[in-house]
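Chain residues, written in single-letter form:
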Amino acid sequence: MAFVPQIQVRATYMRGGTSKGVFFNLKDLPDACQVPGEARDKLLMRVIGSPDPYGAQIDGMGGATSSTSKTVIVSKSTMPDHDVDYLFGQVAIDRPFMDWSGNCGNLSAAIGPFAIHEGLIDAAKIPENGICEVKIWQANIKKTIIGKVQITNGQVQETGDFELDGVTFPAAEIEVSFMDPADGEGSMFPTGNLVDDLEVPGVGTFKATMINSGIPTIFLNAEEIGYQGTELREAINNDPEALARFETMRAHGALKMGLITDLKEAETRQHTPKIAFVSPPKNYTASSGKEITTDDVDVLVRALSMGKLHHAMMGTAAVAIATAAAVPGTLVNLAAGGGERDAVRFGHPSGTLRVGAKAEEVNGEWTAKAAIMSRSARLLMTGSVHVPGDTF
């Protein structure tokens, strides 16, 4: 076999919220990869270490979970009144597939800091001390995100005392606002109902709230599908039959939401929709050993991402949770006690999270103006990633 040298591509490794990924400035990508297509997909998969039939991503930067198999491309914004464009690519672990169908809410928290580090933000916007507000165009879903980044002595402040369940060490708080998070091209509730009967042949018929806010999400009642809502990752992820059952339900939900036209399409649309189950508050012990009581939360939520139960909560799913909780009559709202609310504190496998959202009904259609949550982000490594020169 002929020797093929590796090429270097400038990159940054960052944590955002409870996820981490490889970040690129668009201009640093090879010319063929600066536009969507096969070359870009092949490069990003090779960087992460996919496809890997061993499911370990040993030969790449990925961490063999949906939370760590992620890529981000950022550039000066092409949109008026925005600072940067942000494109998110979810990399399948064991298959040669990139999913560009949705956003990563957790990594959204890292876009502002990355853009400042990269010199993509006008210097006049960055205070010597204070908050730099970065206006982000989320190119996957065509929505605006605003990140409020703390600045100290003219530099991004990354260390601090803000604690985020699912992240071991404290860091500086970043407020992230997802503007108009509902689907702008259709109803926030694609079926037209707050609660549907989801028929899944061979599995059963279940009550479901299907919402498109933050990210398309299917919510089920935990008890109806045989769970308590207090489960940790191992209880679901070590049960192949349960995972297969969830994937079947997710596929049928995607079909009912109009996201796919054939069940087979769900196989190549792993990132969306998400599937989650909810329960009224119960006492449980989080994966960190932290005791969560009924006084700490309004509702319990467990969500799956890329076919596995998430160790905490996807940021975009947190937006869906908050929005659904704000609409009286959804399964999330009912599990949280019903009534009107503009914020919800939910329990997830790693602890709790509070998210604010304001929903309103206009001409018989529900919509959401914004969802706001606090996250943190940290630069982990800067330099270059290396891939074989014949990758793309």
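To be clear, the structure that these remarks concern was listed above.
Right, let's walk through the structure included here.

Conventions adopted
Here the residue numbers are simple positions, counted from 1 along each chain's written sequence. A pLDDT threshold of at least 70 governs which residues receive local features in this predicted model, and a stricter bar of 80 or more applies before side-chain atom pairs are shown or counted, although totals over entire chains, interfaces and linings include all residues. As a convention, hydrogens and water are excluded, and side-chain values are obtained from all of the structure's heavy atoms. Put simply, DSSP H or I for four residues or longer makes a helix, DSSP E for two residues or longer makes a strand, and each gets a number counted from the N terminus. Within these notes, the globule rule equals 2.2 Å times the number of residues to the 0.38 power, and the radius of gyration is based on C-alpha atoms. Only protein chains enter the accessibility calculation, which uses a 1.4 Å probe; a residue whose area is less than 20% of its type maximum is buried, one above 50% is exposed, and one in between is partly exposed. In this description, contact between two residues means that some pair of their heavy atoms is separated by no more than 4.5 Å. Counting rule for charge: Lys and Arg are taken as positive, Asp and Glu as negative, and neither His nor the chain ends is counted. Charge positions are represented by NZ for Lys, CZ for Arg, CG for Asp and CD for Glu. The criterion for strand pairing is that DSSP finds at least two bridges linking the strands in question. Salt bridge, as used here: a side-chain nitrogen of Lys or Arg that lies within 4 Å of a carboxyl oxygen of Asp or Glu. Residues enter a nonpolar core if they are buried and are Ala, Val, Leu, Ile, Met, Phe, Trp, Tyr or Cys, with the set joined through side-chain atoms within 4.5 Å. Between 30 and 60 degrees the pair is tilted, below 30 it is stacked and above 60 it is edge-to-face, where a pair is any two Phe, Tyr or Trp rings, Trp via its six-membered ring, whose centres lie within 6.5 Å. Polar contacts, as counted here, are pairs of nitrogen or oxygen atoms within 3.5 Å of one another; within protein the pair requires one atom able to donate a hydrogen and one able to accept it, and residues that are adjacent in sequence qualify only if both atoms are side-chain atoms. The span you would expect from a helix comes to 1.5 Å times its residue count less one.

What to know about the overall build of the protein
In terms of regular secondary structure, the protein is built from 6 helices and 21 strands. Taking 392 residues into account, the globule formula puts the C-alpha radius of gyration at 21 Å, and the protein, at 20 Å, falls close to it. On the principal axes, the C-alpha backbone points of the protein span a range of 55 × 55 × 45 Å. By the burial criterion, 54% of the 392 residues in the protein qualify as buried. The contacts in the protein between residues at least 6 apart in sequence include a share of 64% that link residues at least 24 apart. Mean positive and mean negative side-chain charge positions of the protein (34 and 47 charges, respectively) differ by 2 Å.

Thoughts on the environment of Ser 19
Turning to its location among the elements, Ser 19 is positioned in strand E2 (residues 19-25). The exposure class assigned to Ser 19 is buried, which follows from its relative accessible area of 3%. Along the chain, Ser 19 and Val 167 lie 148 residues apart, while their C-alpha atoms are 9.0 Å from each other. Setting aside residues no more than four positions away along its own chain, Ser 19 makes contact with Met 14, Ser 67, Lys 70, Cys 104, Asn 106 and Leu 107.

Digging into the pairing of strand E10 (residues 196-200)
Of the two faces of E10, the one holding Asp 196, Leu 198 and Val 200 is buried and the one holding Asp 197 and Glu 199 is not buried anywhere. Where E10 and strand E11 (residues 204-213) come together, 5 bridges link them in antiparallel fashion. Following the sheet pairing, Val 200 is matched in E11 by Gly 204.

With respect to unusual backbone geometry
Glycine aside, residues mostly have negative phi angles, and peptide bonds mostly take the trans form. A cis amide bond, omega 0°, links Ser 50 with the succeeding residue Pro 51. Along the polypeptide, Pro 51 turns up in the loop between helix H1 (38-48) and strand E3 (70-76). Pro 273 follows Thr 272 through a cis peptide bond whose omega is -5°. Examined against the element boundaries, Pro 273 turns out to sit in the loop between helix H4 (240-256) and strand E13 (274-279).

Here we look at the pairing of strand E12 (residues 215-221)
Within a regular beta strand, the side chains point alternately toward one face of the sheet and then the other, so they alternate between its two faces. Buried residues dominate E12, accounting for 6 of its 7 residues. Hairpin geometry of E11 and E12 is characterised by an intervening segment of 1 residue between the two adjacent antiparallel strands and by a positive phi of about 85° at Gly 214. Across 5 bridges, the pairing between E12 and E13 is parallel. For Asn 221, the partnering residue across the bridge sits in E13 and is Val 278.

Looking at the pattern of salt bridges
Tallying each qualifying case throughout the model produces 15 salt bridges. In this structure, Lys 125 engages Asp 83 in a salt bridge whose closest nitrogen and oxygen atoms are separated by 2.7 Å. Separated by 42 residues along the polypeptide, Lys 125 in the loop between helix H2 (105-117) and strand E6 (130-138) and Asp 83 in the loop between E3 and strand E4 (84-91) bring together distant segments of the chain. On the basis of relative accessibility, which here comes to 13%, the residue Asp 83 falls in the buried class. Through salt bridges with shared partners, a single ionic network connects Arg 10, Lys 27, Asp 28 and Glu 118.

Things to note about the nonpolar core
The biggest cluster of nonpolar side chains holds 67 residues, and the ones touching the most others in it are Val 84, Tyr 86, Phe 219, Val 301, Met 313 and Phe 346. With 8 residues, helix H5 (residues 315-325) is the single largest residue contributor to this core. When residues no more than four places from it in sequence are discounted, the contact partners of Val 84 are Val 74, Ser 75, Lys 76, Ser 77, Ile 111, Ala 115, Leu 120, Ile 121, Val 134, Lys 135, Ile 136 and Trp 137. Counting residues in each nonpolar core, the second largest holds 20 residues, with Ala 222, Phe 246, Met 249 and Ile 275 among its members.

Notes on the packing of aromatic side chains
In this structure the tally under the stated criterion is 4 aromatic pairs. With a centroid separation of 5.4 Å and an interplanar angle of 50°, the aromatic rings of Phe 23 and Phe 114 are classed as tilted. Taken as a pair, Phe 23 in strand E2 and Phe 114 in helix H2 lie far apart in primary sequence, 91 residues in all. Comparing Phe 23 with Phe 114, the two get one shared label, buried. Between Tyr 227 and Phe 246 the ring centres are 5.8 Å apart and the planes differ by 20°, which places this aromatic pair in the stacked class. Of the two residues, Tyr 227 sits in the loop between E12 and helix H3 (233-237) while Phe 246 sits in helix H4, which places them 19 residues apart along the sequence. When its relative accessible area of 13% is taken as the criterion, Tyr 227 is described as buried.

Here we look at the environment of Asp 161
Positionally, Asp 161 belongs in the loop between strand E8 (155-156) and strand E9 (174-179). The exposure class assigned to Asp 161 is exposed, which follows from its relative accessible area of 70%. Discounting residues that sit within four places of it in the chain, Asp 161 has contacts with Pro 170 and Ala 171.

A short note on the side chain of Arg 302
Its location among the elements puts Arg 302 in strand E16 (residues 299-305). Buried charge without a partner: Arg 302 forms no salt bridge, and the closest opposite charge is Glu 231, 5.3 Å away. A polar side-chain atom of Arg 302 sits 3.3 Å from the main-chain carbonyl oxygen of Gly 229. The residues contacting Arg 302, other than those within four sequence positions of it, are Gly 229, Thr 230, Glu 231, Ile 275, Ala 276, Phe 277, Tyr 284, Leu 309, Gly 347, His 348 and Pro 349.

Thoughts on H4
If you check H4, its first and last C-alpha atoms are 24 Å apart, about what 17 residues at 1.5 Å a residue would give, namely 24 Å. All of the buried residues along H4 are Ala 242, Leu 243, Phe 246, Met 249, Arg 250, Ala 251, His 252, Gly 253 and Ala 254.

Brief notes about the environment of Ile 174
With respect to the helices, strands and loops of the structure, Ile 174 is situated in strand E9. We classify Ile 174 as buried; its relative accessible area is 4%. Sequence separation of Ile 174 and Gly 17 is 157 residues, and the distance between their C-alpha atoms is 9.3 Å. With sequence-adjacent residues up to four places away left out, Ile 174 is seen in contact with Ala 109, Pro 113, Lys 148, Met 373, Ser 374, Arg 375, Ser 376 and Ala 377.

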